[in-house]
Amino acid sequence: MTALLARLLGRMPVGWLQLTHNYGRLASAVAGVAFANVLVFVQLGIMGSMNTATRDTYKMLNADIILSAKDANTISEGSNVPRQWMFRAMSDPGVADATPLYMGSVQWKQNGNDTKLQLLAMDPVKTGFFSPQVRHKIVSLTLPDVAMIDLKTRQIDQQVLAGIRPHSPLTTEIMGHTISFADTFTGGVGFSADGYVLTSDQTFLRLFPQRQSGAPNHILLKLAPGHDAAAVIDRLRADLPSDLRIRTIAQAADDDVVFSTTKRPTGIIFGFGVLMGVLVGIVIVYQVLSTDVADHLKEYATFKAMGYAPGFFLGIIFEEAMILALLGFVPGSLVSWGVHSLLRTATGLPINMDGTVVFLVFLGTLAACAVSGAVATRRLNAADPADLF
Amino acid sequence: MYRKPGTPDPIVVSHLNHWYGSGETRIQVIFDATLSIAPGSLTILKGPSGSGKTTLLTLIGCLRDVMDGSLRLLGTELNGASEPAQVALRRRIGFIFQAHNLHASLTAQQNVRMGLEVHGTHGNRDRYDDAAAHALRMVGLDHRLHYLPGNLSGGQKQRVAVARALVGNPEIVMADEPTAALDQESGRVVVEILKALGRERGTTTLMVTHDDRIMGLADRVLTMEDGRIVSDTAPR
Ligand SMILES: Nc1ncnc2c1ncn2[C@@H]1O[C@H](COP(=O)(O)OP(=O)(O)OP(=O)(O)O)[C@@H](O)[C@H]1O
Ligand SMILES: [Mg+2]
């Protein structure tokens, strides 16, 4: 290792020799970096799963443009949109088709479980607005009080869910209404609900008697062939009232993710957690490096007297910083990987460590250690060769 | 003493003054020092404690900025010399300190190697280990190449320090009481090594010492008192 580093650095790996000379200090520094890595990875993992869950909702829809109320910061919040704007939008030559989207959540109490279901309801005749994955099953929703349930719904017996077929539906009572789950699909759970349910608009309105068919949550549009979304959106914005948000579905999903991570308490808390992790790492590495500098002032003063230039000492400290980053990152990311799979099993959230995140955290670790090193170099000035005699 | 004709003196000091502290507490510790040291000589600087020997040595060795007067080291004026110029000059000097000042995390050979790496590593890397081993052989430590300083005796450590100071073939060797921390026998061995290598390579050596047994080895003995050079003798 020493020989390899010597080749790499083109000089004696003094930093490496110093670090490995004091195993206790090295171990605590590596543990500190690893701990900071775990903190950051876990927070990012949860935050990432939140974003995946947010995007998954949009993936269940198959449309080009979405019309929402100005206050609809996320897909399940905000005011309703008067359906009349749908008819107005359809008069634009660029709009091929449109449908209202109704959303609402219900508590499903059964066998002592209290499950929160997020309902997505559309006209079952317009199968094209459902994702390709479920499109062929939509016909079953045309019957009243029939719904399709998310296979990933939390708290529900997996075997019961897997056994659901159109000829063997699961009939249950939700908010005083009898509902038959006649089919299943693979959705995904997020922070706001335990699972998704697809129904027809008619079934939805029976479950929510206070809601009106003329006031859906969103209006979905499909573009006519050869028409450009941006141009159509510009025309619609000019034509429709300004209290409507008119965006592509992709834009709406992006806005939703940004809102959830920056404006929602959960997003802010996890973002703060990442920051804490980074700070913990920087402080620990700074502590270790500056103690190490303080312990070697005499050696550094000697090297100064021998004619080593200031860059040499900066090099030693950065060498140490990078070694700590590397040695800490390996166990840190392995432990994080384990923690992620535990959390995934426990919560059902799509918590993953994808390559980009691993790479970015690695770069972040190097950068944070470099910052610590840079701060620790201030102590070098205390090494004065004139004090050696 | 060997002297190449026409070689300029490596150390030329004239009217050098130095103070410590500032304002009210400012005290002068070097008064109008003037001396010139011939190349290849072994000069010993002695005098009572507090007379300014270390101060003069650190000034000559570029470890302290010159305040007043002139000090030419290896042809370069140190009064007003830039930091990079001073760093470059230090590389041409071998320092031996009272304490060995070895790096505890580096083996004997690695410590000595540091005396070579300061000159850059281009192309010479592979030779450096051999050169370091050779320097340790000269101080009688070729069987301790891979020992950490913690596992060496005081005399052995000081010999490693001597090897480190000499390995880069410095033009000047400066030592401040190199034998103070050693017993008589080890001290004598260290100075004899210094003397022998100095003669072999024509190195100019300037050494501060209180040790009377060493005086006989010197070409010249300078005595300081209260910041002034009060006598300048040649023992032989
Ligand atoms: N860094 C300093 N700041 C202030 N005064 C100093 C400093 N270093 C030395 N002195 C003072 O300057 C004077 C000369 O000190 P110096 O160390 O040069 O003496 P010395 O001849 O080497 O003595 P010794 O034989 O004890 O090593 C002394 O009075 C000392 O107290
Ligand atoms: Mg002294």
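These numbers were taken from a predicted model, which means no experiment stands behind them.

Look at the UniProt record and you will see "domain: ABC3 transporter permease C-terminal" (unreviewed entry) annotated at residues 273-381 of chain A. Helix makes up 85% of residues 273-381 of chain A and strand 0%, and the two end C-alpha atoms of the span are 35 Å apart.

Formed by 68 residues in total, the largest nonpolar core has its most connected members in Leu324 of chain A together with Ile60, Leu71, Leu73, Met114 and Met174 of chain B. When residues in this core are grouped by element, the largest group, eight residues, is from helix α12 (residues 310-347) of chain A. With near-sequence residues (within four places) excluded, methionine 114 of chain B lies in contact with Met12, Val14, Phe303, Met306, Tyr308 and Phe312 of chain A together with Leu106 of chain B.

Helix packing for two helices is described by the angle between their axes and how far apart those axes are. Residue and element names in this part refer to chain A. Contact geometry of helix α3 (residues 23-59) with helix α13 (residues 355-376) gives a least axis separation of 11 Å together with a crossing angle of 140 degrees. Compared by their axis directions, α3 and α13 come out oblique. The chirality of how α3 crosses α13 is right-handed. Contacts between α3 and α13 involve Val33, Asn37, Val40, Phe41 and Leu44 on the former and, on the latter, Val357, Val358, Val361, Thr365 and Cys369. Split by residue class, the contact of α3 with α13 holds eight nonpolar, two polar and no charged.

How big an interface is tends to be stated in terms of accessible area lost as the parts join. Residues and elements named next belong to chain A. Its domain assignment divides chain A into domain 1 (2-54 + 265-387) and domain 2 (71-242). Here the C-alpha centre of domain 2 lies 48 Å away from the C-alpha centre of domain 1. Taken together, the contact pairs nine residues of domain 1 with five residues of domain 2. Across the domain 1 to domain 2 interface the summed buried area is about 480 Å²; carbon plus sulfur atoms make up 70%. Between domain 1 and domain 2 we count zero salt bridges in total. The element that contributes the greatest number of residues to the side of domain 1 that touches domain 2 is α3, accounting for four residues. Here the side of domain 1 that touches domain 2 is built from residues that sort into six nonpolar, three polar and no charged.

What follows covers the pattern of salt bridges. All names here are of chain A. Scanning the entire structure with this criterion turns up 19 salt bridges over all chains. For arginine 25, the salt bridge goes to aspartate 295, with nearest N and O atoms at 2.4 Å. Residue arginine 25 is found in helix α3, and its partner aspartate 295 is found in helix α10 (residues 265-295); the two are separated by 270 residues along the sequence. Judged by its relative accessible area of 45%, aspartate 295 falls in the partly exposed class. We note a salt bridge from aspartate 194 to arginine 154, for which the minimum N-O separation is 3.2 Å. In this pair, aspartate 194 sits in the loop between β6 (177-185) and β7 (195-200) while arginine 154 sits in the loop between β4 (146-150) and α6 (158-162), placing the two residues 40 residues apart along the sequence. Looking at aspartate 194, the relative accessible area reads 13%, which means it is buried. Salt bridges sharing partners connect three or more residues here, namely Arg25, Asp292 and Asp295.

Counting from both sides, the interface comprises 27 residues of chain A and, opposite them, 30 residues of chain B. Of the roughly 2600 Å² buried where chain A meets chain B, counting both sides, 64% is carbon and sulfur surface. Looking only at chain A, the three residues that lose the most surface to chain B are Met12, Met306 and Phe389 of chain A, adding up to 29% of its buried area. There are zero salt bridges connecting chain A and chain B. The interface formed by chain A and chain B includes six residue pairs in polar contact (both at pLDDT 80 or more). Listed by contribution, the elements that provide at least two residues to the side of chain A that touches chain B are α1 (2-9), α2 (14-21) and α11 (297-306) of chain A. When residues of the side of chain A that touches chain B are assigned to their parent elements, the largest contribution, seven residues, is made by α11 of chain A. Residues that form the side of chain A that touches chain B fall into these classes: 14 nonpolar, seven polar and six charged.

This next bit is on empty space enclosed by the protein. All names here are of chain B. This structure, assessed with the given rule, holds three cavities of 30 Å³ or more. What the largest cavity holds in volume is close to 130 Å³. Considering the residues around the largest cavity, the lining is formed by 13 residues, among which Ile93, Gly94, Gly115, Arg164 and Ala165 are closest to the centre. Looking at the lining of the largest cavity, its residues break down into seven nonpolar, four polar and two charged. Put simply, the second largest cavity is a space of about 40 Å³. Broken down by class, the residue content of the lining of the second largest cavity amounts to five nonpolar, four polar and two charged.

Here is what the cut-offs are and how they apply
- Residues numbered from 1 in each chain as written.
- Chains lettered and ligands numbered in written order.
- Predicted model: local features only at pLDDT ≥ 70, side-chain atom pairs only at ≥ 80, totals over all residues.
- Heavy atoms only, no water.
- UniProt positions renumbered as here; feature names shortened; annotations may be inferred.
- Helix = DSSP H or I, 4+ residues; strand = E, 2+ residues; numbered from the N terminus.
- Core = buried A, V, L, I, M, F, W, Y, C linked by side-chain atoms within 4.5 Å.
- Buried < 20%, exposed > 50% of the residue type's maximum accessible area, 1.4 Å probe, protein only.
- Contact = heavy atoms within 4.5 Å.
- Axes fitted to C-alpha atoms, helices over the stretch in contact; angles between N-to-C directions.
- Parallel < 35°, antiparallel > 145°, perpendicular 65-115°, else oblique.
- Left-handed = near helix turned anticlockwise from the far one by under 90°.
- Nonpolar A, V, L, I, M, F, W, Y, C, P; charged D, E, K, R; others polar.
- Domains from an automatic or database assignment.
- Buried area = accessible area lost by both parts, 1.4 Å probe.
- Salt bridge = Lys/Arg side-chain N within 4 Å of Asp/Glu carboxyl O.
- Polar contact = N/O pair within 3.5 Å; in protein donor to acceptor, adjacent residues only side chain to side chain.
- 1 Å grid on protein atoms, 1.4 Å probe; cavity = no way out; pocket = protein on both sides within 12 Å on 5 of 7 lines; lining within 4 Å.
- Points joined across faces, edges and corners; volume = space filled by probe spheres on them.

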